[in-house]
Amino acid sequence: MISAIDLPQQAAPQAVLVRQRLLRKLQHGSANRVTVMHALAGCGKRTLAQHYLAACNTTAQWLTMQPAHRDFSTFHSALLAALREHVPGVEALAANDPEEAALALAGALREGPQQPLLLVLEDAHVLAGAAPVEAWLRSFALRLPGRLGLMLLCHTPPALPLAELSARRLLRVIGQQELRFTHDEVLALAAARGTPAQLPPTALLRRLQGWATGVSLALQPLPPDVLHTLLQPEWAGSPQAQAVPLAQAVLDALPHGLRDFLLRASTLPRFTPALLQQALGLPDADAHLSEAGQRALVPPPAAGELRLAAPLREGLQHALQRTQPALFCALHEQAADWFARHAQPDAAFTHLMSAGQAEAAWRTAESAAPACYRDGQHELLLGWPPALAPAHPAGPRLLFACAAALADRGENMAALAALDQAAPANAAADSKTLLLRARVLLGVGNAHAAIVLCQRVLESPKATAVHGRALALMGEARLAQGETRAALQLMREAAAHARQKGAARALDPALHTLQAVLLRLGQIDEASACLDELVALRRAHSPGSALARALCAWGRCRLLQGDYARARQALSEGMQVAARRRDHRAEAALLHCMGDLLRDLGQLHDAWQVYNRALELTPERDHSLRCHILMSTAVLRRWMGQLEDAAAIAREAQAQAEAHDLQVEAWLARALRWAAAGMRGQRAAAREQVLLAAEELHGLQAHSEAALAHVLCAGLALPTSQAEAAASLRDAAQALRGGGSPQPEKPE
């Protein structure tokens, strides 16, 4: 897990050089809020960061990234837990979307601590390729409040908007070239060690190319003949190629007790004296670590943990595996057992694989997979099958959990492949497997096959516990086939089944989908009753962001009923909930509805301000919500007589919708664009374009949107032909017979 405590402000040990030239660069750029140090392992990033914190007396929160933190839920929860002493109540922030979460945390920090605070993410390269976490980092880096700094220590440059941060003078970067030890720094480090007369051969220093760990090891009190053996051709290559021979040379020169301790301690990538005692049974860890620290073999602690430099640990592990292979495996198995007993299956798995115990690692993964999926540790799950291969194939429970994780991401083809590995399609399968396969097949567009599998579950007398899920999933499949009435009946049955079982967890999604189908069919009153129940349910069980979203839907439904007073009440309550949770996506959706309400009531200037605020809060990736807000704004500007502005805004909405394959939004935005353009002239040509959009919307079964397009046609025809206007209104009424509410068309 992430470990995090405030760093103690302690002086650097004599054996470690304080690199003033780099400190000056960091202190000179103190106004830059984002600091990136990127270089290979062992280049001195951690030590430099510690010296900077000690020199500037800054409060820091130091977080060490590990593979488990590639899962956004794990990363975000641990981050908030670490920051709660600086910002009370911060752990209650929503984490529905990475960009929303970044905005919320930036806002909380802006209002929170008055003293400067530096957030240090060590080993940030571990997060590379974890898209949600990288999205959070990008958004957070651009919105850092003035008193907060962000420092990333990583092997490669992170996925940040470096060009934008640099242009805004928010960024400072220290790369591998700058981290190399200069000749003067080598001399200064030797003097600090008290061994200036025992410099290693110039050829060895040249081969090390200023690599910090290599230089530090080469300055250990080693016999000259040992140092010269390191110049043999077999050790030529990159500076990091010297790690194994240097570590072996240092080991050979150490006292036997310390040498044995470091070999065994290298089993763990990070440790404390207590952990070494408990997990590996190493006594006298404090004394050995103190001696190793004095010899500059163990750097000062960060976030309460000690760790060997990665190249040194690699060299020690290589030496232990080569000289004492049985002890190497036994230590890793011992560590795996300790981590397994302390509910850390990821660490247990890694140690078992290091010990060559693929069968035991397989059992660990099989046992932990369901809980890891429930906890949202999807990246961890998906990393286990390739780690097991080719030593051992992944097991069915692990593959099932991986398939579910991939389905949650929308990677349905990969999910289907994992399911086929876990249980071939023609094999006997339990109800949960059948439902997951049905969900995945629906995701790839095979609604018919999904329905067949759901029917198998419903016909099984042993699967009554999941009948509600099967009914709801079959309803979604019928909806995808355009069978709206059949979908409605199935959704009603799913909700009734959940009510009968008293299963709030199953009732919530059933009600959510049911109200959407009812609205689509224009059954507004029943949808409103459904939302009444959903809001009550979430008030009792999910009083955070989920409640805010339900109140938004409830307010929208009241608006469609023309009940403006109750719509305003629901939306106002929802905005209060969203603001407390700092859920910007929910707040943007609620503001959008409130803007529509104000617009329809004729409060046009107030609506204009509300729409602008909604756009500011909408996450960049929420293209659908952004399109809908832009379209509402285009209607407003047309009503305000700002026809050119209305056409431009509708054109922007159309472009975004087309870029992200939002067909209904694209055609409706096109209709709004031409409606505004037609009011400026060439009404006949504009009316043809709006009529084309209406026909396309009808083909997409977007009945309410098609009706609105026909009403826009009527408006364009009215000055010249009342008969054509009346015909368009009849077409609008006909479209609404397929479903939808007439309320959006009434103000037009």
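Cut-offs and rules
Residues numbered from 1 in each chain as written. Predicted model: local features only at pLDDT ≥ 70, side-chain atom pairs only at ≥ 80, totals over all residues. Heavy atoms only, no water. Helix = DSSP H or I, 4+ residues; strand = E, 2+ residues; numbered from the N terminus. Buried < 20%, exposed > 50% of the residue type's maximum accessible area, 1.4 Å probe, protein only. Contact = heavy atoms within 4.5 Å. Areas by Shrake-Rupley, 256 points an atom, 1.4 Å probe, with all protein chains shown as cover. Lys, Arg positive; Asp, Glu negative; His and termini not counted. Charge placed at Lys NZ, Arg CZ, Asp CG, Glu CD. Pairing = 2+ DSSP bridges. Salt bridge = Lys/Arg side-chain N within 4 Å of Asp/Glu carboxyl O. Arc of directions from axis to C-beta. Phe/Tyr/Trp six-rings, centres within 6.5 Å; stacked < 30°, edge-to-face > 60°. Axes fitted to C-alpha atoms, helices over the stretch in contact; angles between N-to-C directions.

Draft legend 1. The overall build of the protein, seen in detail. Assigned secondary structure in the protein consists of 38 helices and five strands. The burial tally for the protein puts 53% of its 748 residues in the buried class. Look at the contacts in the protein between residues 6 or more apart in sequence, and 66% of them connect residues 24 or more apart. With the model as given, the accessible surface of the protein reaches about 32,000 Å², and the carbon-plus-sulfur share is 53%. With 71 positive and 68 negative side-chain charges, the protein shows a separation of 2 Å between the mean positions of the two kinds.

Draft legend 2. Molecular detail of the environment of Gln209. In this structure, Gln209 sits in the loop between helix H9 (202-208) and helix H10 (212-218). Take Gln209: its relative accessible area is 39%, and that puts it in the partly exposed class. Sequence separation between Gln209 and Gln177 is 32 residues; the distance between their C-alpha atoms is 9.6 Å. Leaving out residues up to four positions away in the same chain, Gln209 has contacts with Arg180 and Pro239.

Draft legend 3. Representation of the environment of Ala243 within the structure. Tracing the chain through its elements places Ala243 in helix H12 (residues 243-253). If sequence neighbours within four positions are ignored, Ala243 has contacts with Trp211, Pro311 and Gly315.

Draft legend 4. Structural view of the pairing of strand E1 (residues 34-38). Most of E1 sits inside the fold, with four of its five residues counted as buried. Note: E1 against strand E5 (residues 171-174), four bridges, orientation parallel. What sits directly across from Thr35, in E5, is Arg172.

Draft legend 5. Quick look at the pattern of salt bridges. Considering all chains together, one arrives at 32 salt bridges under this definition. Glu305 is paired through a salt bridge with Arg270; the nearest N and O atoms lie 3.9 Å apart. Of this pair, Glu305 sits in the loop between helix H15 (285-294) and helix H16 (310-323) while Arg270 sits in the loop between helix H13 (256-265) and helix H14 (273-280), and the two are 35 residues apart along the sequence. Overall, Glu305 belongs to the buried group, its relative accessible area being 14%. Arg538 is paired through a salt bridge with Asp508; the nearest N and O atoms lie 2.7 Å apart. One end of the pair, Arg538, is in helix H28 (residues 524-541); the other, Asp508, is in helix H27 (residues 504-520), with 30 residues separating them in the sequence.

Draft legend 6. Local environment of helix H8 (residues 183-193). Among all positions in H8, only Glu185, Val186, Leu189, Ala190 and Arg193 are buried. Along the axis of H8, the buried residues cluster in a sector spanning 140°; they form a single face. Packed against the buried residues of H8 are helix H1 (20-28), H9 and H10. Directly beyond the C-terminal end of H8, a positive phi value near 80° is found at Gly194.

Draft legend 7. Structural context of the side chain of His592. For His592, the location among the structural elements is in helix H31 (residues 584-600). In this structure His592 comes out as buried when scored by relative accessible area, which is 7%. Excluding anything up to four places from it in sequence, His592 contacts Arg556, Tyr611, Ala614, Leu625, His628, Ile629 and Ser632.

Draft legend 8. View of the packing of aromatic side chains. Enumeration according to the criterion identifies five aromatic pairs in this entry. Ring plane angle 35° and centroid distance 6.5 Å describe the contact between Phe72 and Phe75, whose orientation is recorded as tilted. Taken together, the residues Phe72 and Phe75, both in helix H3 (residues 72-83) and three residues apart, mark about one turn of the helix. Overall, the relative accessible area of 11% leaves Phe72 in the buried class. With relative accessibility at 0%, the residue Phe75 sits in the buried group. Centroid distance Trp136 to Phe140: 4.5 Å. Interplanar angle 20°. Geometry classified as stacked.

Draft legend 9. Molecular detail of the sheet that holds strand E4 (residues 148-154). The sheet built from five strands is open, its strands ordered E2-E3-E4-E1-E5 with parallel pairing. Each edge of the open sheet is held by one strand with a lone partner, namely strand E2 (59-64) and E5. Ignoring which end each strand starts from, the neighbouring axes of this sheet average 15° apart. Pairing between E2 and strand E3 (residues 117-122): six bridges, direction parallel. Looking at the pairing, Ala60 lines up with Leu118 of E3. Strand contacts of H1: E1 and E5, with the helix running at about 170° to E5, the strand carrying the most contacts.

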